[in-house]
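# Observations on chain architecture
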Amino acid sequence: MSHQRNTRPWVQVSASYALPWGFTVGASANFYRTTYKASPYWRVLTRGGARRVDRGQTYRLSLFNRAFTLGGFSPQLVGIYEARDSNAQLSSYRRTRGELRAVRQF
(Lines give C-alpha, C1' and ligand atoms only; values in the text may rest on other atoms or scores of the structure.)
Protein backbone atom coordinates (compact mmCIF):
# COMPACT_ATOMS: atom_id res chain seq x y z
CA MET A 1 0.00 0.00 0.00
CA SER A 2 1.40 3.36 -1.02
CA HIS A 3 1.04 6.37 1.28
CA GLN A 4 -0.05 9.72 -0.12
CA ARG A 5 2.29 12.39 1.23
CA ASN A 6 1.94 16.13 0.83
CA THR A 7 3.17 19.49 2.08
CA ARG A 8 0.75 22.30 2.92
CA PRO A 9 2.09 25.72 3.87
CA TRP A 10 -0.68 28.14 4.81
CA VAL A 11 -1.28 31.62 6.16
CA GLN A 12 -4.28 32.99 8.06
CA VAL A 13 -5.31 36.53 8.93
CA SER A 14 -8.14 37.28 11.35
CA ALA A 15 -9.63 40.19 13.26
CA SER A 16 -12.57 40.86 15.53
CA TYR A 17 -14.16 44.08 16.64
CA ALA A 18 -16.39 44.81 19.63
CA LEU A 19 -19.37 46.96 18.59
CA PRO A 20 -21.82 48.90 20.77
CA TRP A 21 -24.74 47.07 22.46
CA GLY A 22 -22.65 43.95 23.05
CA PHE A 23 -22.17 42.86 19.44
CA THR A 24 -18.88 41.41 18.17
CA VAL A 25 -18.07 40.98 14.49
CA GLY A 26 -15.16 38.88 13.26
CA ALA A 27 -13.56 38.07 9.93
CA SER A 28 -10.79 35.73 8.81
CA ALA A 29 -9.10 34.61 5.61
CA ASN A 30 -7.01 31.46 5.18
CA PHE A 31 -4.86 30.66 2.12
CA TYR A 32 -3.01 27.42 1.40
CA ARG A 33 -1.16 25.46 -1.27
CA THR A 34 -0.94 21.68 -1.09
CA THR A 35 1.71 19.89 -3.13
CA TYR A 36 1.50 16.10 -3.33
CA LYS A 37 4.57 13.94 -3.79
CA ALA A 38 4.79 12.08 -7.10
CA SER A 39 2.60 8.99 -7.13
CA PRO A 40 1.33 6.65 -9.86
CA TYR A 41 -2.18 7.29 -8.52
CA TRP A 42 -2.14 11.00 -9.42
CA ARG A 43 -0.66 10.44 -12.90
CA VAL A 44 -3.99 9.16 -14.19
CA LEU A 45 -5.94 12.03 -12.60
CA THR A 46 -3.79 15.01 -13.66
CA ARG A 47 -3.17 16.35 -17.12
CA GLY A 48 0.12 15.16 -18.57
CA GLY A 49 0.88 13.03 -15.49
CA ALA A 50 1.95 16.07 -13.45
CA ARG A 51 2.15 16.14 -9.65
CA ARG A 52 -1.10 17.16 -8.01
CA VAL A 53 -1.17 20.75 -6.69
CA ASP A 54 -4.12 22.36 -4.88
CA ARG A 55 -4.60 26.03 -4.05
CA GLY A 56 -7.36 27.12 -1.74
CA GLN A 57 -8.84 29.84 0.37
CA THR A 58 -11.44 30.08 3.12
CA TYR A 59 -13.23 33.26 4.23
CA ARG A 60 -15.27 33.52 7.44
CA LEU A 61 -17.53 36.27 8.76
CA SER A 62 -19.04 35.95 12.25
CA LEU A 63 -21.42 37.86 14.47
CA PHE A 64 -22.56 37.37 18.06
CA ASN A 65 -23.91 39.38 20.97
CA ARG A 66 -21.95 39.20 24.23
CA ALA A 67 -24.89 40.57 26.22
CA PHE A 68 -27.14 37.59 25.40
CA THR A 69 -26.17 34.32 27.11
CA LEU A 70 -27.73 30.97 27.89
CA GLY A 71 -25.83 29.05 30.56
CA GLY A 72 -22.72 31.18 29.95
CA PHE A 73 -22.77 30.70 26.15
CA SER A 74 -23.73 33.16 23.41
CA PRO A 75 -25.05 32.01 20.03
CA GLN A 76 -22.74 32.96 17.15
CA LEU A 77 -23.69 33.13 13.46
CA VAL A 78 -20.89 32.32 10.97
CA GLY A 79 -20.88 32.53 7.17
CA ILE A 80 -18.12 30.58 5.38
CA TYR A 81 -16.97 30.54 1.75
CA GLU A 82 -14.39 27.93 0.64
CA ALA A 83 -12.73 27.39 -2.73
CA ARG A 84 -10.12 24.92 -3.92
CA ASP A 85 -8.50 24.88 -7.37
CA SER A 86 -6.71 21.66 -8.25
CA ASN A 87 -5.06 20.17 -11.30
CA ALA A 88 -6.56 16.76 -10.37
CA GLN A 89 -9.85 15.84 -12.00
CA LEU A 90 -13.00 16.43 -9.89
CA SER A 91 -10.99 17.92 -6.98
CA SER A 92 -11.81 21.61 -7.46
CA TYR A 93 -14.81 23.03 -5.64
CA ARG A 94 -16.61 26.13 -4.38
CA ARG A 95 -18.90 25.96 -1.37
CA THR A 96 -20.78 28.36 0.86
CA ARG A 97 -22.20 27.37 4.22
CA GLY A 98 -23.44 28.76 7.50
CA GLU A 99 -22.89 27.63 11.07
CA LEU A 100 -24.59 28.31 14.39
CA ARG A 101 -22.07 28.05 17.23
CA ALA A 102 -22.08 28.46 21.01
CA VAL A 103 -19.36 30.84 22.26
CA ARG A 104 -18.32 30.61 25.94
CA GLN A 105 -18.34 33.95 27.76
CA PHE A 106 -15.51 34.62 30.25
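An account of the accompanying structure is given in this report. (Residues numbered from 1 in each chain as written. Predicted model: local features only at pLDDT ≥ 70, side-chain atom pairs only at ≥ 80, totals over all residues. Heavy atoms only, no water.)

## A closer look at the overall build of the protein
- Looking only at helices and strands, the protein has one helix and six strands in total.
- Computed over the C-alpha atoms, the radius of gyration of the protein is 19 Å, more than 25% above the 13 Å expected from 2.2 N^0.38 for a compact globule of 106 residues.
- Expressed as a percentage of the 106 residues in the protein, the buried residues total 30%.
- When contacts within the protein are restricted to residue pairs at least 6 apart in sequence, long-range pairs at least 24 apart make up 52% of them.
- Of the roughly 7,700 Å² of accessible surface on the protein, a fraction of 58% belongs to carbon and sulfur atoms.
- Across the protein, the 17 positively charged side chains and the 4 negatively charged ones have centroids separated by 6 Å. (Helix = DSSP H or I, 4+ residues; strand = E, 2+ residues; numbered from the N terminus. Rg over C-alpha atoms; globule rule 2.2 N^0.38 Å. Buried < 20%, exposed > 50% of the residue type's maximum accessible area, 1.4 Å probe, protein only. Contact = heavy atoms within 4.5 Å. Areas by Shrake-Rupley, 256 points an atom, 1.4 Å probe, with all protein chains shown as cover. Lys, Arg positive; Asp, Glu negative; His and termini not counted. Charge placed at Lys NZ, Arg CZ, Asp CG, Glu CD.)

## As for unusual backbone geometry
- A positive phi is found at W21, a non-glycine position, where the angle reads about 65°.
- Along the chain, W21 falls in the loop between β2 (10-18) and β3 (23-36).
- Even without glycine at this site, L90 takes up a positive phi of about 60°.

## A word on the pairing of β3
- Pairing of strand β1 (residues 6-7) with β3, which is carried by two bridges, proceeds in the antiparallel orientation. Counted as the bridge partner of T7 is T35 from β3.
- With nine bridges joining them, β2 and β3 adopt antiparallel strand pairing. Each residue of the ladder has a partner; that of Q12, found in β3, is N30.
- Linking β2 back to β3 in an antiparallel pair, the connection comprises four residues, with W21 at a positive phi of about 65°.
- In terms of strand pairing, β3 meets strand β4 (residues 53-65) through 13 bridges, oriented antiparallel. Among the inter-strand pairings, F31 is bridged to a residue of β4, identified as Q57. (Pairing = 2+ DSSP bridges.)

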